[in-house]
Amino acid sequence: MTETTSGNLDMPTCQEVALRLSDHLDRALPLRRSLGVQAHLALCPNCRRYAAQLRETLGLARAAGQAAPADEAGEAAALAMFDRLAKKGA
Ligand SMILES: [Zn+2]
């Protein structure tokens, strides 16, 4: 008998989150995986801290000249949602 609190959500482990995080921040993950990462981050302070660091690193890389304006706006919206989810779990 198996019982999970997350129902059908594909909840990744910390290790999987670490591997998927940059793709998640790039919105390169399938929605289902992306939601799993977000759910994990909402529950896991360690991964939240890692995500914040990675996001900063990615932000710096983009500021260095890779960003397209439209992409930046989309990312800001995604990250705002991400922050709300993270704070909810704090
Ligand atoms: Zn974690």
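Source: prediction; values computed, not measured.

Let us look at the overall build of the protein. Check the secondary structure of the protein and you find four helices and zero strands. Helices and strands in the protein line up, N terminus first, as α-α-α-α. Buried positions account for 30% of the 90 residues belonging to the protein. Across the protein, every contact between residues at least 6 apart in sequence was considered, and the portion connecting residues at least 24 apart equals 69%. In the form shown here, the protein has an accessible surface area of approximately 6100 Å², with 56% of it arising from carbon and sulfur atoms.

Ideal values for angles at a metal depend on the geometry: 109.5 degrees with four tetrahedral donors, 90 or 180 degrees with six octahedral donors. The coordination sphere of the zinc ion contains the protein donors C14 (SG), H40 (NE2), C44 (SG) and C47 (SG), at a distance range of 2.0 to 2.3 Å. Considered as a linear motif, the donors of the zinc ion on their single chain read C-x25-H-x3-C-x2-C.

Here the focus is the side chain of H24. Checked against the element boundaries, H24 lands in helix α1 (residues 14-25). Contacts of H24, omitting those with residues within four sequence positions, involve L29, S34, V37, Q38 and F82.

Formed by 13 residues in total, the largest nonpolar core has its most connected members in V17, L21, V37 and L41. It is helix α3 (residues 45-66) that contributes the most residues to this core, four residues altogether. Those residues within four positions of V37 in sequence are excluded, and the remaining contacts are P12, V17, R20, L21, H24 and L29.

Time to look at α1. Its 12 residues place the ends of α1 16 Å apart at the C-alpha level, agreeing with the 16 Å of an ideal helix rising 1.5 Å per residue. Taken together, the buried positions of α1 are occupied by V17, R20, L21, H24 and L25. The buried residues of α1 occupy an angular sector of 145° when projected down its axis, which confines them to one face. Exposed and oriented more than 90 degrees from the buried face of α1 are Q15 and L19. After α1 finishes, the residue R27 shows a positive phi value of roughly 55°.

About the thresholds
- Numbering of residues starts from 1 in every chain and runs along the sequence as written.
- Owing to the predicted nature of the model, reporting of local features is limited to residues with pLDDT of at least 70; listing and counting of side-chain atom pairs is limited to 80 or more, with chain, interface and lining totals taken over all residues.
- In computing side-chain properties, one takes all heavy atoms of the structure into account and sets aside hydrogens as well as water.
- Under the scheme used here, helices are H or I runs from DSSP no shorter than 4 residues and strands are E runs no shorter than 2 residues, and both carry numbers assigned from the N terminus.
- Relative accessibility under 20% of the residue-type maximum defines a buried residue, over 50% an exposed one, and the middle range a partly exposed one, all with a 1.4 Å probe and only protein chains included.
- We call two residues in contact whenever any of their non-hydrogen atoms come within 4.5 Å of each other.
- Where accessible areas are quoted, they stem from the Shrake-Rupley method and a 1.4 Å probe; at the residue level, only the protein chains shown are allowed to cover.
- Ligating atoms shown are N, O and S within 2.8 Å of the metal, or 3.2 Å for Na, K and Ca, and water is not included, meaning a site may look less than complete.
- Among buried residues, those of type Ala, Val, Leu, Ile, Met, Phe, Trp, Tyr and Cys that are joined through side-chain atoms within 4.5 Å constitute a nonpolar core.
- Any helix carries an expected span of 1.5 Å times its number of residues minus one.
- Relevant arc is that of directions from the helix axis to the C-beta atoms, nothing else.

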